[in-house]
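Read off the chains here:
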Amino acid sequence: MENKILVTGGAGYIGSHTVVELQNAGYEVIIIDNLSNSNVEVIDGIEKITGKRPLFFELDCNDMEGLKSMFESNTGIKGIIHFAASKAVGESIQKPLLYYRNNIVSLLNLLDLMPQYGAEGIVFSSSCTVYGQPDILPVDENAPIKPALSPYGNTKQIDEEIIRDTVYSGVPYKSIILRYFNPIGAHPSLEIGELPNGVPQNLIPFLTQTAMGIRTELSVYGNDYDTPDGSCIRDYINVVDLAKAHVVSIDRLLKGKTKKEVEIFNLGTGRGLSVLELINIFEKATGVKVPYKIVDRREGDIEKVWALPDYANNELGWTAQKSIEDSLASSWNWQMKLREKGIM
Ligand code: NAD
Ligand code: WQD
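Residues numbered from 1 in each chain as written. Chains lettered and ligands numbered in written order. Predicted model: local features only at pLDDT ≥ 70, side-chain atom pairs only at ≥ 80, totals over all residues. Heavy atoms only, no water.

1. Looking at the layout of surface pockets
Argument step 1. By volume, the second largest pocket amounts to about 280 Å³.
Argument step 2. Along the wall of the second largest pocket there are 16 residues; nearest its centre are Glu 41, Val 42, Glu 191, Lys 341 and Ile 343.
Argument step 3. Elements represented by at least two residues in the lining of the second largest pocket include exactly α2 (41-50) and α11 (324-340).
Argument step 4. Of the residues contributing to the lining of the second largest pocket, the split by class is eight nonpolar, three polar and five charged. (1 Å grid on protein atoms, 1.4 Å probe; cavity = no way out; pocket = protein on both sides within 12 Å on 5 of 7 lines; lining within 4 Å. Points joined across faces, edges and corners; volume = space filled by probe spheres on them. Helix = DSSP H or I, 4+ residues; strand = E, 2+ residues; numbered from the N terminus. Nonpolar A, V, L, I, M, F, W, Y, C, P; charged D, E, K, R; others polar.)

Laid out in structure tokens, this is it:
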């Protein structure tokens with residue numbers, strides 16, 4: 001029998017790519033998503049790619065009664081991958097309670113219900129944001145957690161602690177916490193990708209919208225940082241590579257291969273790229289110009305961060321495969337697909 005996996009936030013950007021990889025690996029997937037930052041047509045996209053329609057429930061993870069009846073009617077869920085969360089850093093500063101409620105209560109509900117329904121493991125979406133500005137680069141999983149710069153970042157730190165405290169209290173399940181660096185790109189089929197809401201705050205959707213002429217100019221936030229060209233450095237990881245790491249992680253949990261009750265892995269490429277380098281690579285990979293100007297630094301930005309992915313590489317047996325050129329080309333192709341469909 002196929003193992004049943006519950007994917008919360010499975011209609012979202014990283015969730016949808018992960019559902020594809022789970023189904024390709026033979027898992028039976030149940031998605032719950034309240035569609036607060038996604039679209040139900042994503043489920044059609046997943047079906048087109050995999051030939052299989054995942055079970056979908058429009059449900060809020062904060063709705064304990066709704067969750068219970070979902071577990072009652074879908075027995076045998078072995079593992080959970082918990083993506084569902086609000087993720088806009090700026091919005092979290094304006095609406096902290098929304099973020100604390102959505103990102104914390106949803107996790108509490110799932111952790112509470114897992115033993116009752118026999119779920120053996122949970123994979124949690126965390127972020128490199130927990131490292132703040134690391135003292136040592138590349139940053140590994142043992143680096144100290146720095147005070148969060150936003151309520152959003154704080155929810156990830158608190159959620160990690162909640163998972164640790166709960167799992168080590170002796171519950172009958174284990175957890176893998178994945179700290180993502182900067183996910184980019186779209187599925188090569190272009191059936192699914194990132195759907196930014198309003199004016200994008202993240203670099204890649206803003207860049208592709210500028211290349212498309214939707215925005216007049218990309219603002220590069222600062223060129224006076226202590227980096228070779230003065231712009232900030234990040235570790236950009238392809239979303240399909242990222243998705244595959246979730247399949248490996250759930251497999252590891254369900255096959256009892258974890259070495260600790262709670263394991264933490266960095267998911268990055270190990271390569272840091274500056275904003276200006278990225279624009280340059282995008283232009284070369286796509287042949288499309290990106291008008292940009294240098295503006296002041298953005299408040300709260302980290303100067304430079306990239307991963308030491310050795311632990312994930314060696315222990316999970318997972319390594320990021322896609323080149324940055326491929327990733328950026330897929331972001332651009334996805335942008336063109338959105339235009340073709342009249343979405344953007
Ligand atoms: P996303 O917004 O595309 O996906 C999240 C999905 O969860 C959306 O479909 C949304 O509708 C759903 N959702 C939100 N609250 C919900 C709730 N209470 N109940 C049910 N569904 C709910 O975001 P994403 O980029 O795919 O991120 C997925 C996870 O990864 C999030 O936890 C995010 O914090 C984390 N993460 C993202 C990044 C990034 O840069 N994209 C980086 C690090 C970590
Ligand atoms: C990348 C780089 C900007 C936009 C945020 C969250 C983090 C994580 C991912 C979830 C930075 C520069 C950006 C623009 C620019 N999310 N930039 N012009 O800041 O690394 O991380 O998203 O956990 O928590 O903080 O990502 O894409 O916003 O920025 O110059 O219009 O691009 O300064 O150096 P960031 P980003």
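2. Quick word on the sheet that holds strand β4 (residues 77-82)
Argument step 1. Pairing is parallel in the open sheet, where seven strands are placed in the order β3-β2-β1-β4-β5-β6-β11. Two strands lie at the open edges of the sheet, namely β3 (55-58) and β11 (262-267), each paired on one side alone. The average angle at which neighbouring strand axes cross in this sheet is 20 degrees, direction not considered.
Argument step 2. Bridging between strand β1 (residues 4-8) and β4 involves five bridges; their strand directions are parallel. If you follow Lys 4 over to β4, its bridge partner there is Ile 77. (Pairing = 2+ DSSP bridges. Axes fitted to C-alpha atoms, helices over the stretch in contact; angles between N-to-C directions.)

3. As for the nonpolar core
Argument step 1. By size, the foremost hydrophobic cluster in this structure holds 43 residues, and its most contacted members are Ile 5, Leu 22, Phe 181, Ile 250 and Leu 267.
Argument step 2. Looking at this core, the elements with two or more residues in it are β1, α1 (13-24), β2 (28-33), α2, β6 (174-180), α8 (239-254), β11 and α10 (310-316).
Argument step 3. Per element, the largest residue contribution to this core is eight residues, and it comes from α8.
Argument step 4. Sequence-distant contacts of Phe 181, defined by excluding residues within four places in its chain, comprise Cys 128, Tyr 131, Val 139, Asp 235, Ile 237, Asn 266, Leu 267, Gly 268, Val 305, Trp 306 and Ala 307.
Argument step 5. In terms of nonpolar packing, the next biggest core, distinct from the first, is built from 28 residues, Leu 6, Ile 32, Leu 111 and Ile 163 among them. (Core = buried A, V, L, I, M, F, W, Y, C linked by side-chain atoms within 4.5 Å. Buried < 20%, exposed > 50% of the residue type's maximum accessible area, 1.4 Å probe, protein only. Contact = heavy atoms within 4.5 Å.)

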